[in-house]
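# Results of the structural survey
So the chains spell out like this:
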Amino acid sequence: MIPFIDIKRQYIQIREEILDVTDKVLASGQLMNGPLLAKLEEQLSARTGIQHIVCVGSGTSALEMIARFHYDTFFGVLERKPIVLVPALTYPATINAFITTGWDVVIVDVDPETGILELNKVTQEFDAVCIVGLYGQAVFEDWLLRRKEHHTLLSGKILIEDAAQHWLAHDYSQQPIMKAISFDPTKNLANYGNGGAIATHDSYAADWFKMYRDNGKPHVNSYGTNSRMSEVDAAQLLVKLKYLDEWQDRRLEIALYYLERFANNPKIRCIMKLPHMHGLQKFVIEVDHRDLLRDLLYINGVECKVHYERPLHEMEPYAGLPGPSMLSAASALSRRVLSLPFYPELTDSEIEYVADQVIKYSANGNIGLTNPNRN
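Residues numbered from 1 in each chain as written. Predicted model: local features only at pLDDT ≥ 70, side-chain atom pairs only at ≥ 80, totals over all residues. Heavy atoms only, no water.

### Structural notes on the overall build of the protein
The cut-off we apply is this: We count a stretch as a helix when DSSP gives it H or I for four or more residues in a row; a strand needs E for two or more, and each element gets its number in order from the N terminus. C-alpha atoms define the radius of gyration, and 2.2 Å times the number of residues to the power 0.38 defines the globule rule. The rule is simple: take the accessible area with a 1.4 Å probe, protein chains only, and divide by the maximum for that residue type; under 20% is buried, over 50% is exposed, in between is partly exposed. All accessibility values rest on the Shrake-Rupley procedure with a 1.4 Å probe; residue burial counts only the protein chains present in the view.
Counting secondary structure elements, the protein contains 11 helices and 10 strands. In summary, the protein has a C-alpha radius of gyration of 21 Å against a globular reference of 21 Å for 375 residues, a match within 12%. In terms of its C-alpha atoms, the protein occupies a principal-axis envelope of roughly 65 × 55 × 35 Å. Residue burial in the protein is summarised as follows: out of 375 residues, 58% are buried. Looking at the protein as shown, the accessible area adds up to about 16,300 Å², and 51% of this sits on carbon and sulfur atoms.

Have a look at this one:
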């Protein structure tokens, strides 16, 4: 079986380095708020070109803290709750971050080609937009900068990025917007537990986040929470950061191979179009009869996943929120998308086998493309 993701393969390659730095941290006795965390934040800042990186306990915590900062800074004196737009096709953590911090949320349908929030489908007033780079797509290259009408719609609005999947895309730092990053074990720079970061050019906000993540310390003149990253986490991520470019290059090779193999196949549509503008987090295809194809691939030794099987407006906790109907592009995509194995440790023969099986079984039966929402 070719697993969808195999964390063990990467660990075996860097095991001695991981064990060595972990032992040194534990032997030092300084487990929190130490020099390794500061070094990780400095190196991530240099890599992204974003002035301030504040590491926290998870990507979800990062987005919650960004939502809390904006709520308190800009809307604390309002008699109404601020309204934020979130895309229908995303992980529930995106919407939960705003609900738990007091925002009113409007779920917005997505572009049928990319799965990214479609501003032209918004019909009501709003205060902020949370943009999700679905599967790793560089949102501002492909979405904001290319569509002039979006500039008018976004004038005076707060823009927040759930950048868990796309923060490694090229030109990521060009927009001065607060961004939430994830180091979840499935991500490109993956922690062995949870982990995340906030990226911002705002010095005041960075100081606020550093106090908030540590219950208001050192002065405790504001409230906060416990969302610190340990020195062990920082040490292990620093090891992985040395290999990240190599791993991203390998992901690009795999993406280009998949794109070439599936090109001009009428039964397979690749969601990824421009891999050089992509964070290379997931490789997703669209087919009809997705579940049948997934089952056939699994029987023949290829494990695939679905991201995401239900859009937010079809989930019980959010069904009462303003949002699109079951006839939305998000609902259609959620029934057609399939994520293929896509990680640096895949061998050439495994990648070839995955592509062969996808082509073979998408050609069987009636598996093809008939998306009525695509123009």
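The discussion continues.
### A short note on the sheet that holds strand β4 (residues 128–132)
This is how the line gets drawn: Any two strands with at least two DSSP bridges between them are considered paired. Interaxial angles span 0 to 180 degrees and are taken between N-to-C directions of axes, which are lines fitted to C-alpha atoms, for helices over the stretch in contact.
Here we have 7 strands laid out as an open sheet, ordered β1-β7-β6-β5-β4-β2-β3, and mixed in their pairing. Looking at the sheet topology across the chains shown, the edges are occupied by β1 (52–56) and β3 (104–108). Each strand axis lies, on average, 20° off the axis of its neighbour in the sheet, ignoring direction. The pairing of β1 with strand β7 (residues 196–200) spans 5 bridges and is classified as antiparallel. Paired with Val 56 across the strands is Gly 196, a residue of β7.

### A look at the packing of helix α1 (residues 7–28) against helix α8 (residues 231–262)
Basically, it comes down to this: Left-handed describes a crossing whose near helix is turned anticlockwise from the far helix by less than a right angle; the clockwise case is right-handed. Should any heavy atoms of two residues lie within 4.5 Å, those residues are considered in contact.
The N-to-C vectors of α1 and α8 enclose an angle of 150°; their axes lie 8 Å apart at closest approach. Note on packing geometry: the crossing formed by α1 with α8 is right-handed. Where α1 approaches α8, its residues Gln 10, Ile 14, Glu 17, Ile 18, Val 21, Thr 22, Val 25 and Leu 26 are matched on the opposing element by Glu 231, Val 232, Ala 235, Gln 236, Val 239, Lys 240, Lys 242, Tyr 243 and Trp 247.

### Some thoughts on a nonpolar patch on the surface
The test is simple: Patches were defined on residues exceeding 30% relative accessible area and lacking a salt bridge, with like-charge contacts within 9 Å and nonpolar side-chain contacts (Val, Leu, Ile, Met, Phe, Trp, Tyr) within 5 Å. Salt bridges are defined by distance alone: a side-chain nitrogen of Lys or Arg within 4 Å of a carboxyl oxygen of Asp or Glu.
Judged by side-chain polarity, Ile 5, Ile 7 and Tyr 192 come together as a nonpolar surface patch covering roughly 220 Å² of accessible area. Along the chain, Ile 5 turns up in the segment before α1. Given the relative accessible area of 33%, Ile 5 is considered partly exposed.

### Considerations on helix α4 (residues 92–99)
Of all 8 residues making up α4, 6 are buried, and the element is well covered by its neighbours. Among all positions in α4, only Pro 92, Ala 93, Thr 94, Ile 95, Ala 97 and Phe 98 are buried. Tucked inside the fold, the buried residues of α4 contact α3 (59–74), β2 (83–87), β3, β4 and β5 (158–162).

### Some details on the pairing of β3
The condition is simple: Look down the strands so they point away from you; if going from the first strand over the helix to the second traces a clockwise path, that crossover is right-handed.
Within β3, 4 of the 5 residues are buried, leaving the element largely enclosed by the surrounding structure. Strand direction decides the pairing type here: β2 and β3, joined by 5 bridges, are parallel. Within β3, the residue paired with Ile 83 across the bridge is Asp 104. Handedness of the crossover joining β2 and β3 through α4 is recorded here as right-handed.

### Overview of helix α7 (residues 203–212)
Note the following rule: Here the arc refers to the set of directions running from the helix axis out to each C-beta atom. For the purposes of these results, a polar contact is taken to be a pair of N or O atoms within 3.5 Å, where, inside protein, one atom must be able to donate a hydrogen and its partner to accept one; residues adjacent in sequence count only when each atom of the pair is a side-chain atom.
Residues of α7 that are buried: Ala 205, Ala 206, Trp 208, Phe 209 and Tyr 212. Along the long axis of α7, the arc covered by the buried residues comes to 160°, so they all point the same way. Looking at the packing, one finds that the buried side of α7 touches β1, α3, β6 (178–182) and β7. In this structure Asp 202 caps α7, since a side-chain oxygen of it lies 2.9 Å from the backbone nitrogen of Tyr 204.

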